[in-house]
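Fold and geometry: a report
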Amino acid sequence: MAGNTFGQAFTVTTFGESHGLAMGAVVDGCPPNLELSEADLMEDLERRRPGRTAYTTQRQESDQVRILSGVFEGKTTGTPIGLVIENTDQRSRDYDATKNVYRPAHADFTYDKKYGIRDYRGGGRASARETTMRVAAGAIAKKYLSSEFGTRIQGYLAQIGHIVLNDKSLENVRHSAFFSPDSTRESAVAEFIDELREEGDSIGAKVGILASNVPIGLGEPVFAKLDAELASALMGINAVKAVALGEGFDVVAKRGSEHRDEISSDGFLSNRAGGTLGGISSGQDIRVSIALKPTSSIAKPGKSIDRESREVEVSTSGRHDPCVGIRAVPIAEAMVALVLMDHVMRDRGQTGSSAQRAS
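Right, let's walk through the structure included here.

Rules used in this analysis
Residues numbered from 1 in each chain as written. Predicted model: local features only at pLDDT ≥ 70, side-chain atom pairs only at ≥ 80, totals over all residues. Heavy atoms only, no water. Core = buried A, V, L, I, M, F, W, Y, C linked by side-chain atoms within 4.5 Å. Buried < 20%, exposed > 50% of the residue type's maximum accessible area, 1.4 Å probe, protein only. Helix = DSSP H or I, 4+ residues; strand = E, 2+ residues; numbered from the N terminus. Contact = heavy atoms within 4.5 Å. Pairing = 2+ DSSP bridges. Phe/Tyr/Trp six-rings, centres within 6.5 Å; stacked < 30°, edge-to-face > 60°. Salt bridge = Lys/Arg side-chain N within 4 Å of Asp/Glu carboxyl O.

Things to note about the nonpolar core
- Grouped together as the largest cluster of nonpolar side chains are 76 residues, with contacts concentrated most on Phe10, Leu83, Ile140, Ile160, Val336 and Leu340.
- The leading source of residues in this core is helix 7 (residues 324-351), at 15 residues.
- With sequence-adjacent residues up to four places away left out, phenylalanine 10 is seen in contact with Val27, Asp28, Gly29, Cys30, Ile140, Ala141, Leu338, Met341, Asp342 and Met345.

Set out below in structure tokens:
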């Protein structure tokens, strides 16, 4: 299988390459009569858009989405929703020098070995440009989950390099160029990114995602655990190298008496598990974090080989993010929304009723 479709009951199939004519998606399984317009999708697309601030790639794309099908008179019809975003600011010449070279830490080597051909322009299908359609589809899922259950999904930059951003105010995230919840450290982040650009280098990041008012009962106890599918979806984002639910790796040093979430007649007394028990949502907030590697496209030379296995030195030019973790925030939100939406639809098919609202 080519692996271009996500989900079972609420599915998203994406197509397009970084420097092709357009990016597109077909979203299937959306219930009818959901009020939906292109403006509903543009808010998150704008948050992800390249060139939005001085601290991300300066590729200038408007990312204006068009809804081609599945919406009539402002409401979804229950039929496939076709989406398309045209690419308007490709600079394919930037990649002429590396078209026969495998850039270190990119998918160049594996794509070429698997398929015998690769689109070298900006990474082709392996480019983070593909995530525009995940964000657009995720916006549909977000709107449905919000209207049906009051679900809210908020991502934020938790750490960039050595700079830890304290979870002070999620409201600050929407006003921050870095999706930072900590306004006191924004100048430090800006200075750090400027330093990286001067050095021709990049840095990794940690992104947190919080989903509140999640319905109880999503997920299955064995092969379709909600936390396992969240982990799979988030690992499918470019550059993600680790996913943690709840307290994540910190559980290694915890005793059972410390880690368990005790329950009273008023509800859970803590949320160390991160919102799932036995693979099924508990109605508590879903808490998940992801770690993203440093951007692979950097100006600092590195060793590699070309298609003839000759050793070469590679330096990547062009327009790239010094930290992919910044624009990954709306992408991570989208993937969490898609998982929750898919499980809501699967739960409806299995139990014959809408999922139970969180208490």
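A closer look at the pairing of strand 18 (residues 311-314)
- When strand 17 (residues 302-305) meets strand 18, the two strands line up antiparallel, connected through four bridges. Note on strand 18: the bridge partner recorded for lysine 303 is glutamate 313.
- The antiparallel hairpin formed by strand 17 and strand 18 contains five residues in its connecting segment, where serine 309 sits at a positive phi of about 65°.

Thoughts on the packing of aromatic side chains
- Within the structure shown, the criterion is met by two aromatic pairs.
- Relative to tyrosine 115, the ring of tyrosine 111 lies with its centre 5.7 Å away and its plane at 65°, an arrangement referred to as edge-to-face. A residue pair is termed a helical-turn pair when its members lie 3 or 4 positions apart in one helix, as tyrosine 111 and tyrosine 115 do in helix 2 (residues 108-115) at four residues.
- Here tyrosine 111 falls in the partly exposed class, since its relative accessible area comes to 27%.

Describing the pattern of salt bridges
- Throughout the structure, instances matching the rule amount to 22 salt bridges.
- For glutamate 333, the salt bridge goes to arginine 47, with nearest N and O atoms at 2.8 Å. Of the two residues, glutamate 333 is situated in helix 7 and arginine 47 in helix 1 (residues 38-48); the sequence distance between them amounts to 286 residues.
- Close ionic contact of arginine 48 with aspartate 63 constitutes a salt bridge, the shortest N to O distance being 3.6 Å. Remark: aspartate 63 occurs in the loop between helix 1 and strand 4 (65-67) and arginine 48 occurs in helix 1; sequence separation between them is 15 residues.
- Owing to a relative accessible area of 0%, aspartate 63 belongs among the buried residues under this scheme.
- Among the charged side chains, a salt-bridge network with shared partners connects Asp44, Arg47, Lys142 and Glu333.

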